[in-house]
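Coordinate analysis (summary)
Now for the letters of each chain:
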Amino acid sequence: MNAKTKKLLLVILVVFYVVSPADFAAGPFDDIVVMLLGMLANGKLKKGA
């Protein structure tokens with residue numbers, strides 16, 4: 001699996017989690033954490049790590 005495929009899969013999973021009704025915590029807090037982790041992982045994929 002190349003970096004472009006991993007990046008696309010990561011984006012799809014983050015969007016799916018944010019729009020899904022199942023949450024780990026009430027409110028937008030867990031959604032924000034997941035988006036931040038997704039952005040960090042995306043940055044690592046851009047660098048090729």
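Up top is the structure.
1. What about the overall build of the chain?
- Helix and strand counts for the chain stand at 2 helices and 0 strands.
- For the chain, the exposed area adds up to about 4,100 Å²; of that, 76% sits on carbon and sulfur atoms.

2. Regarding the side chain of aspartate 31
- Position of aspartate 31 among the secondary structure elements: in helix H2 (residues 29-47).
- As a buried residue without a salt bridge, aspartate 31 has its nearest oppositely charged side chain in lysine 7, at a separation of 21 Å.
- Those residues within four positions of aspartate 31 in sequence are excluded, and the remaining contacts are Tyr17, Val18 and Asp23.

3. Points about the side chain of aspartate 30
- Positionally, aspartate 30 belongs in helix H2.
- In terms of polar contacts, aspartate 30 uses its side chain to reach the side chain of tyrosine 17, at 2.6 Å.
- The residues contacting aspartate 30, other than those within four sequence positions of it, are Tyr17, Asp23, Phe24 and Ala25.

4. Things to note about a nonpolar patch on the surface
- On the surface, a nonpolar cluster with roughly 390 Å² of combined accessible area is contributed by Ile32, Met35, Leu36 and Met39.
- Residue placement: methionine 35 occurs in helix H2.

How each quantity is defined
- Residues numbered from 1 in each chain as written.
- Predicted model: local features only at pLDDT ≥ 70, side-chain atom pairs only at ≥ 80, totals over all residues.
- Heavy atoms only, no water.
- Helix = DSSP H or I, 4+ residues; strand = E, 2+ residues; numbered from the N terminus.
- Areas by Shrake-Rupley, 256 points an atom, 1.4 Å probe, with all protein chains shown as cover.
- Buried < 20%, exposed > 50% of the residue type's maximum accessible area, 1.4 Å probe, protein only.
- Lys, Arg positive; Asp, Glu negative; His and termini not counted.
- Salt bridge = Lys/Arg side-chain N within 4 Å of Asp/Glu carboxyl O.
- Contact = heavy atoms within 4.5 Å.
- Polar contact = N/O pair within 3.5 Å; in protein donor to acceptor, adjacent residues only side chain to side chain.
- Patch = residues over 30% accessible without salt bridge, like charges linked within 9 Å, V, L, I, M, F, W, Y side chains within 5 Å.

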